[in-house]
Structures are given as structure tokens and as C-alpha cells.
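Okay, here's what each chain looks like letter by letter:
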Amino acid sequence: MTATSAPAPAAAPAPAPARRPRRRVDWGKYFTWAVIVWLLSPIAFMIVFSFNDIKGRHNVTWQGFTLHWYADALAYPDLTRALVNSLLIALLTMVFAGLLGGLLGLALGRYTFRGQGATNLVMFSAISAPEVVMGAGLLSMFLTMNIATGFWTIVVSHVMFSVSFVAITVRARVLALDPSLEEAARDLGASAWTTFRLVTLPMLTPALMAGGLIAFVLSIDDYIITTFVSGNTSTFPLWIWGTTRVGTPPQVNVMGTLIFAVGVLLAVVNAVMARRRA
């Protein structure tokens, strides 16, 4: 009896080619860039048309490239005076709102006192209140007190609605401070004023600078509240609005471009200094 050979094993099937994972489209990234472009498009329009060689009153169509308007930026004395008023008001607002808001933020972040809840309510109400309501209320207050509206009523009004932004910024920084640093300074014999000047204040400086810049930007950009309390004083936004009916000169675009460039420069310098400190 002959032995039968075992059948040969079947060949293993070839492995199927590996599928590449399907790449998902990150629509959030494209949406974010679309929003950024949409927000920056008015600024780009302002910068481009500051070089427009217009032949008439209206600076809305491109007619050629020129640097003439930058050399003649101060051709309108009223516009220059309005811009100077806006810069002075914004600087004073930054200083006064920085001092008052810094002290208020320090008190709210460090201490517990009677009326703290009411203070928070008033502070957030000033932020959320419509500007028309706030402007009308400030005008009524000045008229009731027989105070003539003008430069200083604008400063007072801008300080009043900017203090809350500075206080919130400083309070957030105060809550994040390490109390052991101040306790160590006290243990080493430093007085309360020395501890505040050499330890607390340097740690609060970034928040104070941020809050001050917010107050500056809010002040120089404000139109609605300023309309109520300006009197005969003209500011940069008020002057621009007054010229929209007869044609806005390109000097407005030039000054707006210069203000934007200074703001970008300050932001870059602040970022470089922060990186060096880190």
C-alpha cells in the first residue's frame, strides 16, 4: 500500500494595500483667517487710499499713486487741531483712568469690604450700558450742575467709562499674584510702602500698561459719548463725521494710517520687551 503525499498548502493571500487616512479639512482655520481678513480690510482700505492721487473731493476710487498727502498732512488746521485735542484727551484719560482704575482693581482683588458687590455691579453696568444712554446721562449731569461742556467734560466722561476696563484688567492680575513674595519682603524688614513700590507695583505694571492702553484706544476712538458732551470742542472722530457730507480729504487717511502705525510699533516694542524679560 503506497503512502499518499499531503496536499501542498494554499498560498497566503496578498495583503491588501494600506489605505491612507483621509485628511480632514480644518474649516475652523479658514474661517478664522476669513474673519481676520474681514476685520483688517477697512484698515487696509484706509492705508491704500492714503496714497490715492484724487482729483476731486471724494476719496473712494483709485486714481493713481502719490506721496503728496503725507507731505501736506497738516493742510487743514481744523483737522490738525481736532487730532491734537483727541490725543490730549486720550493721554489724560489714560493717566487718570490708569490711576483710579489701578487703585480700584487693587482694592477689589485684594480686600473684602462692605459694598463690594455694589461696586462690581456699578463697574460692569458702566461697561454694558449703551453709549447713547451714558452720553445722555452725562450731559444731563453737566447741565444740572451748570458745567459748560467742552474739553474737560470730554475728559471726565472718557475717564468715567474707561475706569471699569482698567479696574477689571488690574483686578485679574492682582488675583494671580503670589502673596508669598510680599510676605518675604515684609519678613526681610521692608515697610508696607517699600513692599508695594519694589514688589507689588512691578508685578502690576503689565496690567496697568494694558489697562491704560485700552483707555487710550477707547478715548481716541469714541464718537457717541463725545457728541453729547463736546460743546464747541472738536475731536478727530467728530471732524471726520462732519466732513463725510462734503467729502473726506485724504489727510484723514494719512493721519489714521500714522496712528495705526504708531499703535503697531508700540505693540511690537511691548512684545519684544516681554520676550526679553522672559
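Source: prediction; values computed, not measured. (Residues numbered from 1 in each chain as written. Predicted model: local features only at pLDDT ≥ 70, side-chain atom pairs only at ≥ 80, totals over all residues. Heavy atoms only, no water.)

Thoughts on empty space enclosed by the protein
Counted under the stated rule, the structure contains one cavity of 30 Å³ or more. If you trace the largest cavity, you find it lined by S86, I89, H158, S219, I220, D222, T226, T235 and P237. For the lining of the largest cavity, the secondary structure elements donating two or more residues are α3 (77–110) and α8 (192–221). Classifying every residue of the lining of the largest cavity by side-chain character gives three nonpolar, five polar and one charged. (1 Å grid on protein atoms, 1.4 Å probe; cavity = no way out; pocket = protein on both sides within 12 Å on 5 of 7 lines; lining within 4 Å. Points joined across faces, edges and corners; volume = space filled by probe spheres on them. Helix = DSSP H or I, 4+ residues; strand = E, 2+ residues; numbered from the N terminus. Nonpolar A, V, L, I, M, F, W, Y, C, P; charged D, E, K, R; others polar.)

Comments concerning unusual backbone geometry
Across the chain, the bulk of peptide bonds are trans and the bulk of non-glycine residues have phi less than zero. Of note in the backbone geometry, N146 takes a positive phi value of approximately 55 degrees without being a glycine. Along the chain, the position of N146 falls in the loop between α5 (131–144) and α6 (151–175).

Some remarks on the pattern of salt bridges
Should their charged atoms come close, side chains of opposite charge can pair. Across all of its chains, the model carries three salt bridges by this definition. For R81, the salt bridge is made with D78, and the minimal N-O distance between the two is 2.9 Å. Here R81 pairs with D78, and both are found in helix α3, just three residues apart, close to one helical turn. D78 gets classed as partly exposed once you look at its relative accessible area, which sits at 45%. (Salt bridge = Lys/Arg side-chain N within 4 Å of Asp/Glu carboxyl O. Buried < 20%, exposed > 50% of the residue type's maximum accessible area, 1.4 Å probe, protein only.)

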